[in-house]
Amino acid sequence: MQCHYCEAEAAVAVEKNALKVGLCRTHLRERLQELADDDALAGIEDELDIDRS
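As the structure is a prediction and not an experimental result, all values here were calculated from the model.

### Observations concerning the side chain of His27
Here is step 1 of the chain: Within the element layout of this structure, His27 appears in helix H1 (residues 25-37).
Here is step 2 of the chain: The class for His27 is buried, based on a relative accessible area of 15%.
Here is step 3 of the chain: Filtering out sequence-adjacent residues up to four positions away, His27 remains in contact with Cys3, Tyr5 and Cys6.

### Structural notes on the environment of Arg31
Here is step 1 of the chain: If you trace the backbone, Arg31 turns up in helix H1.
Here is step 2 of the chain: Arg31 sits in the partly exposed class, given a relative accessible area of 22%.
Here is step 3 of the chain: A polar contact is formed between the side chain of Arg31 and the side chain of Glu34, at a distance of 2.8 Å.

Definitions and limits used
Residues numbered from 1 in each chain as written. Predicted model: local features only at pLDDT ≥ 70, side-chain atom pairs only at ≥ 80, totals over all residues. Heavy atoms only, no water. Helix = DSSP H or I, 4+ residues; strand = E, 2+ residues; numbered from the N terminus. Buried < 20%, exposed > 50% of the residue type's maximum accessible area, 1.4 Å probe, protein only. Contact = heavy atoms within 4.5 Å. Polar contact = N/O pair within 3.5 Å; in protein donor to acceptor, adjacent residues only side chain to side chain.

Purely geometric stuff here, so don't read any function into it on its own.
Listed below in structure tokens is the structure:
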């Protein structure tokens, strides 16, 4: 799968309601940093369902 933001290979893919989005490591770090800066991660930890391969 390709990153949603660039042409790099996605390191992580997230799926919800039949919509699947992939992120490369760089863009994943950027999105996580944005969430951390907004304190948005504090409220969603219980909602995350992570599949590790």
